[in-house]
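Descriptive analysis of the structure
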Amino acid sequence: MGNTISLEIHLFICSCFCYNYFTGQAGNIFRILVNGKGVNMQGRIHSLESFGTVDGPGTRFVVFVQGCPMRCAYCHNPDTWEMNGGTMMEPAYIIEQYERNSAFYQNGGGLTVTGGEPLMQVDFLTELFTLAKEKNIHTCIDSSGIAFNPSNTAWLEKLDKLMTLTDLVMLDIKHIDPDKHRELTSQPNQHILEFASYLNEKKVDMWIRHVVVPGLTDNDKYLFDLGYFIGQFDNLKALDVLPYHTMGEAKYKKLGLPYKLAGVPAMDKEKVVEKKQVILDGIKKRRAEKK
């Protein structure tokens, strides 16, 4: 028909993230293929923050992903739990948003992906961090480690690739004791602790985070044990010990969710300094034994 151009387009959507072996759900990430070529990777995103100051070194552009299998009693972002919520965004769009304020991130800052649980969307993170590295952007993942599954070799290969693009992992260890951890989060901590070992093996810088909750995570024995565990790692670069706060309680009410820690007071910030020292004592003991 004259100048009519015939263009055959084959579209199909394939899931390209790891299966959530805890909930039986998959964190929806899609790649649309046109004539067999990937043109549009998307991830489920809860929100973006332009000026994060507690999400890694310097001032950060923070990406909050949607979806998390953990049910931490003190989680202040329960609206990120749902696997199928959020807004679909492309990596290129996120980098564009980063660059709008890139001058503010030149003080040793960069890009942090938190959540939700970022490692539920490994393929998306890999593409996002690939673009970031092309622009020399410092990359950080803030993770609970719950998605780590060393028995899934295909997923582990993807994680290996992602780690080559990752400058820092902030690993939030909720509780060192397996039973206490399950009570606190509804999930086991075995793979989380294995993830810490994996990061050390891969020589990826690691910051450990731990929230101190009165009566739940402030026991000196467990804090010392936590320090003793992380003291073995050469890639440990920092320790953040954070006081539990009650600011998230209002969000639970808004969402119609029960707040498990109702009545638990905020943690005294002065006591947090003491609790951090207990963890540091555990680190020192482990490192002294390594010499």
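Scroll up to find the structure.
Residues numbered from 1 in each chain as written. Predicted model: local features only at pLDDT ≥ 70, side-chain atom pairs only at ≥ 80, totals over all residues. Heavy atoms only, no water.

1. Description of the overall build of the protein
The condition is simple: Each helix is a run of H or I in the DSSP string that is no shorter than four residues. Each strand is a run of E no shorter than two, and both are numbered from the N terminus. Remark: exposure states derive from per-residue accessible area (1.4 Å probe, protein chains only) relative to the maximum for the residue type, with buried under 20%, exposed over 50%, and partly exposed in between. Residue contacts are defined here by distance: any two heavy atoms, one from each residue, within 4.5 Å place the two residues in contact. Computed with a 1.4 Å probe, the accessible areas rest on the Shrake-Rupley method; for each residue, only the protein chains presented here act as cover.
When helices and strands are tallied, the protein shows 8 helices and 10 strands. Across the 291 residues of the protein, 48% fall into the buried class. Partitioning the intrachain contacts of the protein with sequence separation of at least 6 by distance along the chain shows that 73% fall at a separation of at least 24. Carbon and sulfur atoms provide 52% of the accessible area of the protein, an area that totals close to 14100 Å².

2. Some details on the environment of Val-122
Along the polypeptide, Val-122 turns up in helix α2 (residues 122-134). Between the alpha carbons of Val-122 and Leu-159 there is a distance of 6.7 Å; along the sequence they are 37 residues apart. With sequence-adjacent residues up to four places away left out, Val-122 is seen in contact with Trp-155, Lys-158, Leu-159 and Leu-162.

3. Things to note about empty space enclosed by the protein
Here is the rule we go by: Throughout, the protein atoms alone are placed on a 1 Å grid, and a set of points is a cavity if a 1.4 Å probe fits but cannot get out or a pocket if it is open with protein on both sides within 12 Å along at least five of seven lines; lining residues have an atom within 4 Å of a point. Grid points are joined across faces, edges and corners, and a volume is the space filled by probe spheres set on the points.
Enumeration according to the criterion identifies 1 cavity of 30 Å³ or more in this entry. Each pocket or cavity is described by its volume, and for the largest cavity that value is around 30 Å³. What lines the largest cavity is His-175, Ile-176, His-210, Thr-217, Tyr-222, Leu-223 and Leu-226. Top contributing element to the lining of the largest cavity by residue count: helix α6 (residues 220-230), with 3 residues.

4. As for the pairing of strand β10 (residues 236-243)
We apply this condition: Pairs of strands are assigned from DSSP output, requiring at least two bridges between the strands. A right-handed crossover is one whose linking path, passing over the helix from the first strand to the second, runs clockwise when the strands point away from the viewer.
Two strands pair when backbone bridges link them, and strand β9 (residues 205-212) and β10 are joined in this way by 7 bridges, in the parallel orientation. Bridge pairing in β10 links Arg-209 to Asp-240. Once the chain exits β9 it traverses α6 before rejoining the sheet at β10, and the crossover so formed is right-handed.

5. Digging into the environment of Thr-87
Position of Thr-87 among the secondary structure elements: in strand β5 (residues 87-89). For Thr-87 and Gly-43, which are 44 residues apart along the polypeptide, the C-alpha to C-alpha distance reads 7.9 Å. In this structure, Thr-87 is in contact with Gly-43, Arg-44 and Ile-45, ignoring residues within four places of it in sequence.

6. Some thoughts on the packing of aromatic side chains
Remark: the centre distance and the inter-plane angle together describe each pair of aromatic rings, the angle taken between the planes. Basically, it comes down to this: Stacked, edge-to-face and tilted are the three classes for Phe, Tyr and Trp ring pairs, Trp counted by its six-membered ring, which pair at centre distances within 6.5 Å; planes under 30 degrees apart are stacked, over 60 edge-to-face, the rest tilted.
Evaluation of the coordinates by the stated rule reveals 11 aromatic pairs. Their ring planes at 75° and their centres at 6.4 Å tell us that Phe-61 and Tyr-105 sit as a pair that is edge-to-face. One end of the pair, Phe-61, is in strand β4 (residues 60-65); the other, Tyr-105, is in the loop between α1 (91-100) and β6 (110-114), with 44 residues separating them in the sequence. Tyr-105 carries the same exposure label as Phe-61, and that label is buried. With 6.3 Å between their ring centres and 65° between their planes, Phe-148 and Trp-155 make a pair best called edge-to-face.

7. With respect to helix α5 (residues 190-201)
Defined as follows: By this rule the span expected of a helix is its residue count minus one, scaled by 1.5 Å.
An ideal rise of 1.5 Å per residue puts 16 Å on 12 residues; α5 measures up with 17 Å between its terminal C-alpha atoms. Among all positions in α5, only His-191, Ile-192, Leu-193, Phe-195, Ala-196, Tyr-198 and Leu-199 are buried. As for α5, its buried residues are in contact with β7 (139-143), α3 (153-163), β8 (168-172), α4 (178-185), β9 and α6. Following α5 by one or two positions, Lys-203 has its phi on the positive side, about 60°.

Shape is all these values report; function is a separate question.
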